[in-house]
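Observations on chain architecture
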Amino acid sequence: MGPLIIYENISPDTNFFLAFLIGIAFGFILEASGFSSSRKLAGQFYGYDTTVLKVFFTAAITAGIGLLLFGLFGWLDLDLIYINPFYKWSTIIGGILMGAGFILGGFCPGTSFTGAAIGKIDAMVFVGGLFIGVLLFTEGYPLLEKLYMGSYKGTPKVSSAMGISDGLFLFGLVIVAFGMFWVAEWAEKRFPLKEESK
Amino acid sequence: MSESSVPEFRKTRYFNPYVGGVALGIVLLLAFYISGRGLGASGAIKSTIVAGIDKIAPKHAESTAFYTEYAESHPNGPMKNWLVFEMLGVLIGGFISGAIHGRLKLQVEHSPKITSKKRILFALLGGILFGLGSQLGRGCTSGSALTGMAVLSVGGFVSMMFIFGTAYALAYFARKLWI
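Residues numbered from 1 in each chain as written. Chains lettered and ligands numbered in written order. Predicted model: local features only at pLDDT ≥ 70, side-chain atom pairs only at ≥ 80, totals over all residues.

A tally of regular secondary structure across chain B gives nine helices and zero strands. Listing each helix as α and each strand as β along chain B from the N terminus yields α-α-α-α-α-α-α-α-α. In terms of overall dimensions, chain B has C-alpha extents of about 60 × 40 × 35 Å along its principal axes. Per-residue burial over chain B gives 57% buried out of 179 residues. (Helix = DSSP H or I, 4+ residues; strand = E, 2+ residues; numbered from the N terminus. Buried ≥ 20, exposed ≤ 12 C-beta atoms within 10 Å, placed from the backbone.)

What follows is the structure in structure tokens.
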């Protein structure tokens, strides 16, 4: 029964070693999917390359369905896994800042590490920026604490908030994702990059 | 600009995105099965910052509430952290993929319409905004949005909507950087 670390099937050191291996797989997949390129990532917001949406949503529904099945099979105790807490305004303002950082910088943190790993200087500079941004947070914490700790709403799930089962919500999410994939494939044909379209 | 009319990212072949997505989903599922938590990235940067401040300015770290509280809640030290080990792996995994696929190259990737200098400047600015935002959001695209969505958390979906919504809303103003 998992999580293995919580049921003490593995030691904390093994857990860290497995985190390292998981990271290798994570980094490999991000790079191999093209997330080490800022221009490929930014394509999402102009339509010429929608890899971000396809990979992101395929991963989310794969893991979501996997978690549901692992729970049903009795392989994983879903009561023990981490559910993101929801601090309304901190999440919203954080999301806005991240979105602005994404469109200006062309990366998100995980992808910038893979870009830096293959020699993209712009990715290395982005990583440098991340450190400055996090330092602004830790140093400016007294000013930000009220926002950061305020409007706490617990750890709600969308399915429970809508009053439906996790399975039904996931089913809906899969339908929505397939709809978005269809739009994404259409957008790539409709909005080619100008420099390529001649 | 005829000689550079094929953008860098079109000169190479990447995984089919749906295959990459399923693979990423399985890795995320494994993280939950093994460690009871999802993937992340920005948390490792916070750990490094806290460790760095402890080293460079120990007096400041001792007298600042944020760092003392962090030390109390992380008795094994900031670097003995799941995300730190995971992100070391990400660097290596990314490098291995780049090496296998012939993509190791020191370069600034940018649209032919802007200079390298401009790209670097905006990469720095974007990194700063993303770094600050990821702390308020308690995780970035990996830890808050992707992982948060997989566990169907409201926080994950709200994060995802505001990250992508803001990027779309600003895309028009930033278009000269990319297209």
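Read on for the rest.
With that out of the way, let us pick up unusual backbone geometry. In this chain, G2 of chain A is followed by P3 of chain A through a cis amide linkage whose omega measures -5°. Take P3 of chain A: it is sitting in the segment before α1 (12-32). One non-glycine residue, L152 of chain B, adopts positive backbone phi at about 60°. Structurally, L152 of chain B can be placed in the loop between α7 (141-150) and α8 (154-171).

So, on to the interface of chain B and chain A. The interface of chain B with chain A comprises 112 residues on the first partner and 110 residues on the second. Where the side of chain B that touches chain A is concerned, the elements lending two or more residues are α1 (17-35), α2 (42-56), α5 (82-100), α6 (116-136), α7, α8 and α9 (175-178) of chain B. Counting residues per element, the side of chain B that touches chain A draws most heavily on α1 of chain B, which supplies 18 residues. For the side of chain B that touches chain A, the class distribution of residues is 66 nonpolar, 35 polar and eleven charged. (Contact = placed C-beta atoms within 7 Å. Nonpolar A, V, L, I, M, F, W, Y, C, P; charged D, E, K, R; others polar.)

We now examine the environment of K146 of chain A. Residue and element names in this part refer to chain A. Mapped onto the elements, K146 comes out in helix α7 (residues 141-149). Under the C-beta neighbour-count criterion, K146 is labelled exposed, with 11 such atoms within 10 Å. C-alpha of K146 to C-alpha of I5: the two residues are 141 residues apart in sequence and 33 Å apart in space.

One can describe the packing of helix α3 (residues 51-73) of chain A onto α7 of chain B by two numbers: an axis separation of 7 Å at closest approach and a directional angle of 40°. Taken together, α3 of chain A and α7 of chain B sit at an angle that is classed as oblique. Between α3 of chain A and α7 of chain B, the residues in contact are F56, A59, A60, A63, G64 and L67 of chain A and L146, M149 and A150 of chain B, respectively. (Axes fitted to C-alpha atoms, helices over the stretch in contact; angles between N-to-C directions. Parallel < 35°, antiparallel > 145°, perpendicular 65-115°, else oblique.)

Across the interface, α3 of chain A lies against α1 of chain B with an axial gap of 7 Å and an inter-helix angle of 40°. Classified by the angle their axes make, α3 of chain A and α1 of chain B are oblique. For the element pair α3 of chain A and α1 of chain B, the recorded crossing hand is right-handed. Between α3 of chain A and α1 of chain B, the residues in contact are T51, K54, V55, T58, A59, T62, A63, G66, L67 and F70 of chain A and P17, Y18, G20, G21, V22, L24, G25, I26, L28, L29, F32 and Y33 of chain B, respectively. Looking at the contact of α3 of chain A with α1 of chain B residue by residue, the class counts come to 14 nonpolar, seven polar and one charged. (Left-handed = near helix turned anticlockwise from the far one by under 90°.)

Given a rise of 1.5 Å per residue, 19 residues ought to cover 27 Å, and the 27 Å separating the end C-alpha atoms of helix α6 (residues 121-139) of chain A matches this to within 8%. Regarding α6 of chain A, the residues found buried are D122, A123, M124, V125, F126, V127, G129, L130, G133, V134 and F137 of chain A. For α6 of chain A, the secondary structure elements touched by its buried residues are α2 (38-42), α4 (88-105), α5 (109-117) and α7 of chain A together with α2 and α6 of chain B. (Expected span 1.5 Å × (residues − 1).)

Another aspect to go through is α4 of chain A. One turn of the α-helix equals 3.6 residues, which is why residues spaced by three or four share an orientation. Residues and elements named next belong to chain A. Taking 1.5 Å of rise per residue, the 18 residues of α4 would be expected to cover 26 Å, and the 25 Å separating its terminal C-alpha atoms lies within 8% of that figure. Among the 18 residues in α4, 14 count as buried, and that is most of the element. Directly after α4, the chain includes G106, whose backbone phi takes a positive value near 80°.

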